[in-house]
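Each chain, letter by letter, is given below.
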Amino acid sequence: MGARDCSVTHGRGGRGLLPPMHQIGVVGLSYRHVGVDEVARFSVPKTEVLARLPALRDALGVSEVFYVGTCNRVEVLFSMPDGAPAGDARAEVFRALIG
């Protein structure tokens, strides 16, 4: 396997490619850095997550988005399309989360 071979086998027997690491971004905040009230401000209610993820993906201009929210942290992981580097997307993520 070469250094640039990122192929994986998917659970349904298909074959696909993982994005190179520079295309993956992570934005998060924790109560340890901003306090519980700020974490709550950026949290998406459980009942709204499925409805808001497509809007978050579109607002960020990303191909995939993954949201994790707990009582003490919020994280958004995303993958950029077409080989674009992820870059610093904190402002865009936080703006999209609070509307």
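Refer to the structure printed above.
This write-up is about the structure you can find in this document.

Regarding unusual backbone geometry
Next up, step 1: A positive phi angle is found at Asp-82, which is not glycine, with a value near 55 degrees.
Next up, step 2: Among the secondary structure elements, Asp-82 is positioned in the loop between β5 (73–79) and α4 (90–98).
Next up, step 3: By relative accessible area, Asp-82 is classed as exposed at 81%.

Remarks on the nonpolar core
Next up, step 1: Counting residues in each nonpolar core, the largest one holds 18 residues, and the members touching the most others are Leu-60, Tyr-67, Val-76, Phe-78, Val-93 and Leu-97.
Next up, step 2: Those residues within four positions of Leu-60 in sequence are excluded, and the remaining contacts are Val-76, Glu-92 and Val-93.

Some words on the pattern of salt bridges
Side chains that differ in sign of charge can pair as their charged atoms come close.
Next up, step 1: This model, assessed by the stated rule, comprises 5 salt bridges.
Next up, step 2: The partner of Glu-38 in a salt bridge is Arg-41, and the shortest N-O contact between them spans 3.1 Å. You can see Glu-38 and its partner Arg-41 sitting in helix α2 (residues 36–42), 3 residues apart, about one turn around the helix.
Next up, step 3: Asp-88 serves as the salt-bridge partner of Arg-90, at 2.6 Å between the closest nitrogen and oxygen.
Next up, step 4: The exposure class assigned to Arg-90 is partly exposed, which follows from its relative accessible area of 48%.

Re the packing of aromatic side chains
Next up, step 1: Taken as a whole and assessed by the stated rule, the structure comprises 1 aromatic pair.
Next up, step 2: Where Phe-42 meets Phe-94, the ring centres are 5.0 Å apart and the plane angle is 50 degrees; that geometry is what we call tilted. In this pair, Phe-42 is assigned in helix α2 and Phe-94 in helix α4, connecting sequence segments 52 residues apart.
Next up, step 3: When its relative accessible area of 21% is taken as the criterion, Phe-94 is described as partly exposed.

Quick look at helix α3 (residues 49–60)
Next up, step 1: For α3, which comprises 12 residues, the first-to-last C-alpha distance of 16 Å matches the rise-based estimate of 16 Å (1.5 Å per residue) to within 8%.
Next up, step 2: Every buried residue of α3 is accounted for by Val-49, Leu-56 and Leu-60. Projected down its long axis, α3 shows its buried positions confined to an angular sector of 20 degrees, all on one face. Seen from the open side of α3, the exposed residues pointing more than 90 degrees away from its buried face are Ala-51 and Asp-58.
Next up, step 3: Once α3 finishes, Gly-61 follows within two positions and takes phi at roughly 70 degrees, a positive value.

Observations concerning the sheet that holds β5
Next up, step 1: Strand order in the open sheet made by the 3 strands is β3-β5-β4, with antiparallel pairing throughout. Strand pairing shows two members of the sheet lacking a second neighbour, β3 (24–30) and β4 (64–69), which therefore form its edges. Between one strand axis and the next, the sheet turns through 10 degrees on average, direction left out of account.
Next up, step 2: Judged from the 7 bridges that link them, β3 and β5 form a sheet pairing that is antiparallel. By the bridge assignment for β5, Ile-24 is matched with Ser-79.
Next up, step 3: Set on the sheet, α3 makes contact with β4 and β5; between it and β4 the angle comes to about 130 degrees.
Next up, step 4: In the packing of α4 onto the sheet, contacts are made with β3, β4 and β5, and the angle to β3 comes to roughly 60 degrees.

Scoring rules and cut-offs
Residues numbered from 1 in each chain as written. Predicted model: local features only at pLDDT ≥ 70, side-chain atom pairs only at ≥ 80, totals over all residues. Heavy atoms only, no water. Helix = DSSP H or I, 4+ residues; strand = E, 2+ residues; numbered from the N terminus. Buried < 20%, exposed > 50% of the residue type's maximum accessible area, 1.4 Å probe, protein only. Core = buried A, V, L, I, M, F, W, Y, C linked by side-chain atoms within 4.5 Å. Contact = heavy atoms within 4.5 Å. Salt bridge = Lys/Arg side-chain N within 4 Å of Asp/Glu carboxyl O. Phe/Tyr/Trp six-rings, centres within 6.5 Å; stacked < 30°, edge-to-face > 60°. Expected span 1.5 Å × (residues − 1). Arc of directions from axis to C-beta. Pairing = 2+ DSSP bridges. Axes fitted to C-alpha atoms, helices over the stretch in contact; angles between N-to-C directions.

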